[in-house]
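Given next are the chains, with one letter for each unit.
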Amino acid sequence: MTAGQVALDREVDAWRAAGREVTLWWRDDDAVEPSPALSRLLDVRPGCPLGLAVIPAGAKASLAGVLPDAVDVLVHGFAHANHAASGDRKSEYPAGRIAPLEMREGRERLEALFGERVLPVFVPPWNRMGEDAAAELPAAGYRVLSGYRGRPEGPLPRLDTHVDLVDWRGGRRFAGVDTVLGALAAALAARRSALDSGPTGVLSHHLVHDAAAWRFLERLLAWGEDTSGVRWVRARDEIPAGARTREST
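Computed from a prediction, not measured in an experiment: that's the story for all the values here.

Undergrad: It is not clear to me how the packing of helix H1 (residues 3–17) against helix H5 (residues 177–193) should be interpreted in this structure. Could you clarify?
TA: Two measures define how a pair of helices packs: the angle their axes make with one another and the distance between the axes. Put simply, H1 and H5 touch, their axes get as near as 7 Å, and they point 20° apart. Comparing the axis directions of H1 and H5 gives the class roughly parallel. Crossing geometry of H1 relative to H5 is assigned as left-handed. Residue-level contacts link Ala3, Gly4, Gln5, Ala7, Leu8, Glu11, Ala14 and Trp15 of H1 to Asp178, Leu181, Gly182, Leu184, Ala185, Leu188, Ala189, Arg191 and Arg192 of H5. Among the residues forming the contact of H1 with H5, the class breakdown is 10 nonpolar, three polar and four charged.

Okay, structure coming up:
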């Protein structure tokens, strides 16, 4: 048993001792069309709830036909295009780029393709956007912001991810068993200490997974389904009451 698994098991035991259930949710980014990688993703653990962040500008109608019922669609920016200044970290909506009509169009494009499967949840590409851009999300019909570990900041309720399977700075490969499990244990510990009732989010990127990432994902999803006191939840069930109704267009 690895050090990361030991830390995670101890943390789950602490949740049980406190009479609380560990809830997890799963988000995968950058979908646009059917592909061998997407098929593999959907076959890893059929029936496990998944929030699939789809890029509106590139989304193909054929994608709707391959998504099972357990998949909710989230709005992943508009074109996943970098508009940050040279030398700045990538962002489709950096500070100063206010584009509420574009953000609304992205949601409407996906709703035309996927109907009620689409949630009013905005996932900014690269998990970052300017606060001024984020402030426009409610007017564009969004009710929830899904980022990574509290970023970017914005006015909406959060449905964040906390653990990324990919080491983007280390060659875009699997981050490692102990790294990911240790991060998951730490995120759960922080939630437990803060009496946070929201789910802890696991982030994957099917288009860049190596063999190690695929193996780990399968084991993690199975662990979450088979471990007492742990449960995978649907994104749509975690949207706060009163935030589920879109602004009429």
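Undergrad: What's the story with the side chain of Glu11 in this structure? I'm lost.
TA: Along the chain, Glu11 falls in helix H1. Judged by relative accessible area, Glu11 falls into the buried class, the value being 8%. A polar contact of 2.6 Å, which involves the side chain of Glu11, links it to the side chain of Arg192. Ignoring sequence-local partners within four residues, the contact set of Glu11 consists of Ala185, Leu188, Ala189 and Arg192.

Undergrad: What is the right way to read the pairing of strand E9 (residues 200–204) from this model?
TA: For a regular strand, side chains alternate in direction, first toward one face of the sheet and then toward the other. E9 sits mainly inside the fold: five of its five residues count as buried. Where burial is concerned, the two faces of E9 agree: the one with Thr200, Val202 and Ser204 and the one with Gly201 and Leu203 are both buried. Pairing of strand E1 (residues 22–31) with E9, which is carried by five bridges, proceeds in the parallel orientation. Residue Trp26 lies in a different strand from E9, and its bridge partner there is Val202. Inspection of the sheet shows strand E6 (residues 163–164) paired to E9 by two bridges, in the parallel sense. Residue Asp164 lies in a different strand from E9, and its bridge partner there is Leu203.

Undergrad: What is the right way to look at the nonpolar core in this model?
TA: As a rule of thumb, nonpolar side chains are buried together in soluble globular proteins. Counting residues in hydrophobic clusters, the biggest one holds 56 residues, and the most contacted among them are Leu52, Val54, Phe122, Met129 and Leu137. The leading source of residues in this core is helix H6 (residues 211–226), at seven residues. Listed in part, the 11 residues of the second largest apolar core include Ala53, Val121, Val144 and Leu159.

Undergrad: Where do I start with the pattern of salt bridges in this structure?
TA: When charged atoms on two side chains of opposite charge get close, those side chains can pair. Summed over the entire model, instances satisfying the criterion amount to 12 salt bridges. Here Arg234 ties to Asp72 by a salt bridge, and the two come within 2.5 Å at their closest N and O atoms. Of this pair, Arg234 sits in the segment after strand E10 (230–232) while Asp72 sits in strand E3 (residues 71–75), and the two are 162 residues apart along the sequence. For Arg97, the salt bridge goes to Glu102, with nearest N and O atoms at 3.1 Å. We classify Arg97 as partly exposed; its relative accessible area is 21%. Here the salt bridges share partners, and the residues they tie into one network are Arg45, Glu225 and Asp226.

What counts, and where the lines are drawn
Residues numbered from 1 in each chain as written. Predicted model: local features only at pLDDT ≥ 70, side-chain atom pairs only at ≥ 80, totals over all residues. Heavy atoms only, no water. Axes fitted to C-alpha atoms, helices over the stretch in contact; angles between N-to-C directions. Helix = DSSP H or I, 4+ residues; strand = E, 2+ residues; numbered from the N terminus. Parallel < 35°, antiparallel > 145°, perpendicular 65-115°, else oblique. Left-handed = near helix turned anticlockwise from the far one by under 90°. Contact = heavy atoms within 4.5 Å. Nonpolar A, V, L, I, M, F, W, Y, C, P; charged D, E, K, R; others polar. Buried < 20%, exposed > 50% of the residue type's maximum accessible area, 1.4 Å probe, protein only. Polar contact = N/O pair within 3.5 Å; in protein donor to acceptor, adjacent residues only side chain to side chain. Pairing = 2+ DSSP bridges. Core = buried A, V, L, I, M, F, W, Y, C linked by side-chain atoms within 4.5 Å. Salt bridge = Lys/Arg side-chain N within 4 Å of Asp/Glu carboxyl O.

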